[in-house]
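# Structural description and commentary
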Amino acid sequence: MEFSIRALAPEKAKTGCLVLAVFAAPSGAQPALGAPVLMRTTQLADQAAAGALRRVLAQGDLARKAGATLLLQKIPGLAAERVLLVSLGEHDDFNVTAFREAVRGAATALKSLGARDAVLPVADFAVSSRGLPWTVRHAILGIREVFYRFDQLQTQKKPAAPVLAALTLAITGAPVTLRLQAEKKVLREGQLALREAVATADGVDLARTLGNLPPNLCTPSYLADQAKKLAKQFKLGIEVLERRDMEKLGMGALLAVTRGSHQPPKLIVLHYSGAGEKKKPLVLVGKGITFDTGGISLKPGGEMDEMKFDMSGAGSVLGVIHALAGMRAPVNVIGVIPACENMPGGAATRPGDVVTTLSGQTVEILNTDAEGRLILCDALTYAERFNPQAMVDIATLTGACVIALGHVATGLFANDQKLADEILAAGDDAWDRVWQMPLWEDYQEQLRSNFADMANIGGRPAGSVTAACYLARFTRKQKWAHLDIAGTAWRSGKDKGSTGRPVPLLVRLALRRAGSRA
Ligand code: BES
Ligand code: MN
Ligand code: ZN
């Protein structure tokens, strides 16, 4: 879909569909006072249509809740072929969640229309505490989320592709008070936000598609090929370490995880340099288990298919780099992706095996299903050579994190509070939210081993915390944060599929670190 932004008089917009926002009448109000409140553009359109929109709304056919829609055809006085009325819910309840519902509702309706293009007056949807650039970004990301499809593996009964090919975000033009100069500035800011949002949406789509691909197709080699494709497309630096490289380096923990699999492991390193050589890179390390059976500590069968999403951290790293390169962001980011499969087999690692990590520390592998931390610890040690400004790892690491935070917040752990605060703020900005968990030394004793420097599991209590504590032992020299996305990277059930989180958060983090305030 093509997005554009421009100043526009709504009644003159020759478009397949004009989207217009309305606040629901305050509930409990006297019927006489209980009229819906038309947003600015809606008012202008209603005037041009001689009150036709108010008359329709007075019939009560537009439901009150945010995101409800009502489609009207050929309103005299308006150049648009259709009008889509969208409810923002009640004025007093309007917030980020209601805004997102409204955008989602509008997008869902647009998706099934015959219209080839549409106009959406973006400022009418704005949440007052957030500016226009924020609104533009979130409108585009919300619409692209609804329009995302993954149907390349279905040969029958595919839903028809949406007809809508172009969406104009309109800045409703020419109020006398708004001087031309001010309008130009608004448009310029909007344009930048648009570019950023479209690139971010491309990154989210990539992460979602990599996550959704089945584990027989999305193997470690496939991830490496995708990284190579990205490198070619955007002229990025890339290295892919093979098993023999890992052996030479001494990545005993990563190698232990891959032993049961017939798929060769890959350690992918992608360099995006948009900020010049002197600037230290932000290093992102993504867990790339393309399928997690648990290994010899085999998982139970129910929903095991969902362990194809265990490479979501890796997918998000590729997504972020796609996004930043696509918008030519002035940042340096290095993506490090340990990719392998966790399978049982005659050569597989056993519970009780002791291995030596790249850091030199030894680990007793008491549970082969705690494999994420094993591949990550070697990748984190490896990443130190890039002299990072900070390291962030992203991993579907623990079921315990899902128990703690459900599917709403990503778990955040950090050894540097300033970095944690930045991530919290970026998450709020991107509405891709995280919640900080403790990384206290007190938890470290749960990782005690009688036979090695540490065990790879810490028992049932605080499972997501002890997993983070394990990683912390490999990042002591760095500013480091860990994002546990086990609950947020994908949805289960009827809407099973990858979410692309936390690509929006990480893109925002990288941009804010580079000084973007928008
Ligand atoms: N990939 C899983 C974590 C996971 C499980 C994410 C379920 C989302 C849903 C990870 O490799 C794992 O198996 N973790 C174990 C750790 C345990 C053995 C200490 C877990 O969470 O059960
Ligand atoms: Mn596991
Ligand atoms: Zn796993």
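This report concerns the structure included in the present document. Worth saying up front: this structure is predicted, and the values here are computed from it rather than measured. (Residues numbered from 1 in each chain as written. Chains lettered and ligands numbered in written order. Predicted model: local features only at pLDDT ≥ 70, side-chain atom pairs only at ≥ 80, totals over all residues. Heavy atoms only, no water.)

## A short note on the site of ligand 1
Heads up, the rule is: A single heavy atom is enough: if one lies within 4 Å of a molecule or strand, its residue is considered near that molecule or strand. Pairs of N or O atoms within 3.5 Å make up the polar contacts considered here, provided that, within protein, one atom can donate a hydrogen while the other can accept it, and that residues adjacent in sequence are counted only when both atoms are side-chain atoms. Computed with the Shrake-Rupley method and a 1.4 Å probe, the accessible areas treat only the protein chains shown as cover for residues. Asp, Glu, Lys and Arg are counted as charged, while Ala, Val, Leu, Ile, Met, Phe, Trp, Tyr, Cys and Pro are counted as nonpolar; the rest, among them Gly, fall into the polar class.
As a structural note, the neighbourhood of ligand 1 is formed by 16 residues, with Lys299, Asp310, Asp369, Glu371 and Gly399 the closest of them. Contact distances for ligand 1 include 2.9 Å between a nitrogen atom and a side-chain N or O atom of aspartate 310. Glutamate 371 places a side-chain nitrogen or oxygen 2.8 Å from an oxygen atom of ligand 1. Protein chains shield 77% of the accessible area of ligand 1, which is 510 Å² for the free molecule. In terms of residue class, the shell around ligand 1 is made up of five nonpolar, four polar and seven charged.

## Some thoughts on the packing of helix 9 (residues 312-326) against helix 14 (residues 503-513)
Put simply, the test is: Axes, fitted as lines to C-alpha atoms, cover a helix only where it is in contact. Angles between the N-to-C directions of the axes lie from 0 to 180 degrees. Where helices and strands are cited, they refer to DSSP runs of H or I of at least four residues and of E of at least two residues respectively, numbered from the N terminus. Convention used here: angles under 35 degrees read as roughly parallel, angles over 145 as roughly antiparallel, angles from 65 to 115 as roughly perpendicular, and any remaining angle as oblique. Each crossing gets its handedness from the near helix: less than a right angle anticlockwise from the far helix is left-handed, clockwise is right-handed. Contact criterion: two residues are considered in contact whenever any of their non-hydrogen atoms come within 4.5 Å of each other.
Where helix 9 contacts helix 14, the axes come no closer than 9 Å and their chain directions differ by 50°. Accordingly, the angle class assigned to the pair helix 9 and helix 14 is oblique. Note on packing geometry: the crossing formed by helix 9 with helix 14 is right-handed. Contacts between helix 9 and helix 14 involve Ser316, Gly319, Val320, Ala323 and Leu324 on the former and, on the latter, Val503, Leu506, Val507, Ala510 and Leu511. Grouping the constituent residues of the contact of helix 9 with helix 14 by class yields eight nonpolar, two polar and no charged.

## Some details on the state of the cysteines
Filter applied, for reference: Cysteine sulfur atoms that come within 2.5 Å of each other are treated as a disulfide pair. The cut-offs for exposure are 20% and 50% of the maximum accessible area for each residue type, with area from a 1.4 Å probe on protein chains only; residues under the lower value are buried, those over the upper are exposed, and the others partly exposed.
Taken as a whole and assessed by the stated rule, the structure comprises zero disulfides. Left unpaired, cysteine 218 is separated from the closest cysteine sulfur, that of cysteine 340, by 13 Å. Looking at cysteine 340, the relative accessible area reads 0%, which means it is buried.

## Examining the environment of proline 159
As for its position among the elements, proline 159 is in the loop between helix 4 (132-147) and strand 7 (166-172). Separated by 183 residues in the primary sequence, proline 159 and asparagine 342 place their C-alpha atoms 35 Å from one another.

## Some points on the pairing of strand 19 (residues 480-484)
Worth spelling out the cut-off: Between any two strands, at least two bridges found by DSSP are needed for them to pair.
In terms of burial, strand 19 is a largely internal element, five of the five residues being buried. In strand 19, alternate side chains face the same way, and those of Trp480, His482 and Asp484 on one face and Ala481 and Leu483 on the other are all buried. As paired elements, strand 15 (residues 390-395) and strand 19 share five bridges and run parallel to each other. Residue aspartate 393 lies in a different strand from strand 19, and its bridge partner there is histidine 482. By the bridge criterion, four bridges tie strand 16 (residues 410-414) to strand 19 in an arrangement that is antiparallel. Across the sheet, the residue bridging to alanine 414 is alanine 481, located in strand 19.

## What to know about the coordination of the manganese ion (ligand 2)
When four donors bind a metal tetrahedrally, each ideal donor-metal-donor angle is 109.5 degrees, and when six bind octahedrally, the ideal angles are 90 or 180 degrees. Put simply, the test is: The donor set comprises N, O and S atoms within 2.8 Å of the metal, extended to 3.2 Å for Na, K and Ca; water molecules are omitted, so apparent gaps in a site may simply reflect that omission. For four-coordinate sites, all angles between 85 and 135 degrees define a tetrahedron; for four- and six-coordinate sites, opposite donors beyond 155 degrees with the remaining angles between 65 and 115 define square planar and octahedral shapes respectively, and all other cases count as irregular.
Looking at the manganese ion (ligand 2), one finds its protein donor set to be Asp292 (OD), Asp369 (O), Asp369 (OD) and Glu371 (OE), positioned 2.0 to 2.2 Å from the metal centre. For the manganese ion (ligand 2), the six donor atoms in the first shell make angles of 70 to 168° at the metal, so the coordination geometry reads as irregular. One chain supplies every donor for the manganese ion (ligand 2), spaced along it as D-x76-D-x1-E.

## Re the packing of helix 12 (residues 417-429) against helix 14
Where helix 12 meets helix 14, the closest approach of the two axes is 8 Å, and the angle between their N-to-C directions is 120°. The angle between the axes of helix 12 and helix 14 places the two elements in the oblique class. In this structure, helix 12 crosses over helix 14, and the sense of that crossing is right-handed. For the pair formed by helix 12 and helix 14, the contact residues are Leu419, Glu422, Ile423, Ala425, Ala426, Gly427 and Asp429 on the first element and Leu505, Arg508, Leu509, Arg512 and Arg513 on the second. Split into classes, the residues belonging to the contact of helix 12 with helix 14 amount to six nonpolar, one polar and five charged.

## Topic: helix 10 (residues 372-383)
Basically, it comes down to this: To estimate the expected span of a helix, count its residues, drop one, and scale the result by 1.5 Å.
Look at helix 10: 16 Å from first C-alpha to last across twelve residues, which is about the 16 Å you get at 1.5 Å a residue. For helix 10, the buried fraction is high: twelve of the twelve residues fall into the buried class. Listing the buried residues of helix 10 in full gives Gly372, Arg373, Leu374, Ile375, Leu376, Cys377, Asp378, Ala379, Leu380, Thr381, Tyr382 and Ala383.

## What about unusual backbone geometry?
Cis geometry marks the peptide bond from arginine 501 to proline 502; its omega dihedral reads 0°. Relative to the assigned elements, proline 502 resides in the loop between strand 21 (497-498) and helix 14. The phi angle at alanine 50 is positive, at roughly 55°, despite the residue not being glycine. Residue tryptophan 431 is not a glycine yet carries a positive backbone phi of 50°. Mapped onto the elements, tryptophan 431 comes out in the loop between helix 12 and strand 17 (434-436).

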